[in-house]
Amino acid sequence: ILRSYAPAVIASLLLAILIFTSVKPYFRVLGDETNLMNVSRSMTYERRTDNVVMGLWYYDLFFPLIRTLEKRPLVFPFFTHIFHTILGYRVENAFLLNFLAIFFLFFLIYTMIKKRWGDIWAISAIILVASQPILTQCATSGGFELLAVLFAVISYMSLRWFIMDRSALSFQLLWVNLLMLANIRYEG
């Protein structure tokens, strides 16, 4: 297994590193990305899923004054919360999540194309996908768009497997991935 997927891992990792070294990661859409980080902060520190709009710092402690229900779905803040739990709270964890999302996106595209046409076409396909400017902008931002694209590809692969194998396991995998896709973006 390692020999057959080693080129996919290496090519995907190199392209993801190239994207993150060539385009500086920063928050681009402040109304969305900072709210997503705020919800992940609430998940980490308060075990709540609300957006703190106003608060008061008093002797190095933060006291929320106004809370609102978040209008965006909670999958991206939840995954960011998992990184906060493992690595500690940092805003860079959103960029780390997008780095892993683009790595797995390239890896899945590589494996899909390799099965049908071979290694050269698979490398060409991920280079073609990586050359799209909107993908590099979304990958180096703190937004949820890239995670939505990743789960769209995973859902497509699950649907393909369900059509070929019509078993309970393949349907469960398809259903779970479609639920995740629907809860990443509000347009989902």
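Residues numbered from 1 in each chain as written. Predicted model: local features only at pLDDT ≥ 70, side-chain atom pairs only at ≥ 80, totals over all residues. Heavy atoms only, no water.

**Q** Please clarify how the overall build of the protein should be interpreted in this entry.
**A** Along its length, the protein carries eight helices and two strands. Across its three principal directions, the C-alpha atoms of the protein cover 60 × 40 × 30 Å. Classification of the 188 residues of the protein by burial places 41% in the buried group. Long-range contacts, defined as pairs at least 24 residues apart, comprise 63% of the intrachain contacts of the protein with a sequence gap of at least 6. In the form shown here, the protein has an accessible surface area of approximately 11200 Å², with 70% of it arising from carbon and sulfur atoms. When the 16 positive and 11 negative side-chain charges of the protein are each reduced to one mean point, those points stand 7 Å apart. (Helix = DSSP H or I, 4+ residues; strand = E, 2+ residues; numbered from the N terminus. Buried < 20%, exposed > 50% of the residue type's maximum accessible area, 1.4 Å probe, protein only. Contact = heavy atoms within 4.5 Å. Areas by Shrake-Rupley, 256 points an atom, 1.4 Å probe, with all protein chains shown as cover. Lys, Arg positive; Asp, Glu negative; His and termini not counted. Charge placed at Lys NZ, Arg CZ, Asp CG, Glu CD.)

**Q** Sorry if this is basic, but what is going on with the pairing of strand β2 (residues 61-69) here?
**A** Sheet faces and side chains relate simply in a regular strand, where the side chains alternate between the two faces. Sheet topology note: the strand β1 (residues 50-58)/β2 ladder contains eight bridges and is antiparallel. By the bridge assignment, Val-52 is partnered in β2 with Arg-67. Taken together, β1 and the strand that follows it, β2, pair antiparallel across an intervening segment of two residues, in which Tyr-59 is found at a positive phi of about 50°. (Pairing = 2+ DSSP bridges.)

**Q** Whenever I open this one, the packing of helix α1 (residues 2-22) against helix α5 (residues 119-130) confuses me. Can you help?
**A** The relative placement of two packed helices comes down to the angle between their axes together with the axis-to-axis distance. At a minimum axis separation of 11 Å, α1 and α5 run at an interaxial angle of 20°. Considering the angle they form, α1 stands roughly parallel to α5. Handedness of the α1/α5 crossing: right-handed. Contacts between α1 and α5 pair Ala-11, Ser-12, Leu-15 and Ile-19 from the former with Ile-126, Ile-127 and Ala-130 from the latter. (Axes fitted to C-alpha atoms, helices over the stretch in contact; angles between N-to-C directions. Parallel < 35°, antiparallel > 145°, perpendicular 65-115°, else oblique. Left-handed = near helix turned anticlockwise from the far one by under 90°.)

**Q** Explanation requested: the packing of aromatic side chains in the structure shown.
**A** Each aromatic ring pair is specified by the distance between its two centres and by the angle formed by the two planes. Inspection of the entire model under this criterion finds 12 aromatic pairs. Relative to Phe-99, the ring of Phe-20 has its centre 5.3 Å away and its plane inclined at 75°; by these criteria the two rings are edge-to-face. A residue pair is termed long-range when its members are at least 10 positions apart, and Phe-20 in helix α1 and Phe-99 in helix α4 (residues 92-117) qualify at 79 residues. Looking at Phe-20, the relative accessible area reads 16%, which means it is buried. Taking the relative accessible area as the measure of exposure, Phe-99 reaches 18% and is therefore buried. Aromatic pair Phe-103 and Phe-107: ring centres 6.5 Å apart, planes at 25°, arrangement stacked. (Phe/Tyr/Trp six-rings, centres within 6.5 Å; stacked < 30°, edge-to-face > 60°.)

**Q** Please explain unusual backbone geometry as it appears in this structure.
**A** Glycine aside, a negative phi is what most residues show, and trans is what most peptide bonds show. In this structure, Arg-47 takes a positive phi of about 55° despite not being glycine. The topology assignment puts Arg-47 in the loop between α2 (30-45) and β1. On the accessibility criterion, Arg-47 (63% relative accessible area) is exposed. Positive phi, normally seen in glycine, also occurs at Asp-60, with a value near 60°. Tracing the backbone shows Asp-60 in the loop between β1 and β2. Accessibility expressed as a relative area gives 73% for Asp-60, which makes it exposed.

**Q** Before we go on, may I ask you to explain the layout of surface pockets in this structure?
**A** In this approach, a probe sized like a water molecule rolls over the atoms, and the result shows the empty space that is left. Taken as a whole, the largest pocket holds about 330 Å³ of empty space. Lining the largest pocket are 15 residues, and of these Met-112, Lys-115, Met-157, Arg-160 and Trp-161 sit closest to its centre. Of all the secondary-structure elements, those providing two or more residues to the lining of the largest pocket are α4, α7 (145-165) and α8 (168-182). When its residues are assigned to classes, the lining of the largest pocket shows nine nonpolar, three polar and three charged. Along its surface, the second largest pocket is lined by Phe-79, Ile-82, Phe-83, Leu-97, Leu-100, Ala-101, Phe-104, Leu-147, Leu-150, Phe-151 and Ile-154. Counting only elements with at least two residues in the lining of the second largest pocket, the list comes to α3 (75-87), α4 and α7. Counted by class, the lining of the second largest pocket contains 11 nonpolar, no polar and no charged residues. (1 Å grid on protein atoms, 1.4 Å probe; cavity = no way out; pocket = protein on both sides within 12 Å on 5 of 7 lines; lining within 4 Å. Points joined across faces, edges and corners; volume = space filled by probe spheres on them. Nonpolar A, V, L, I, M, F, W, Y, C, P; charged D, E, K, R; others polar.)

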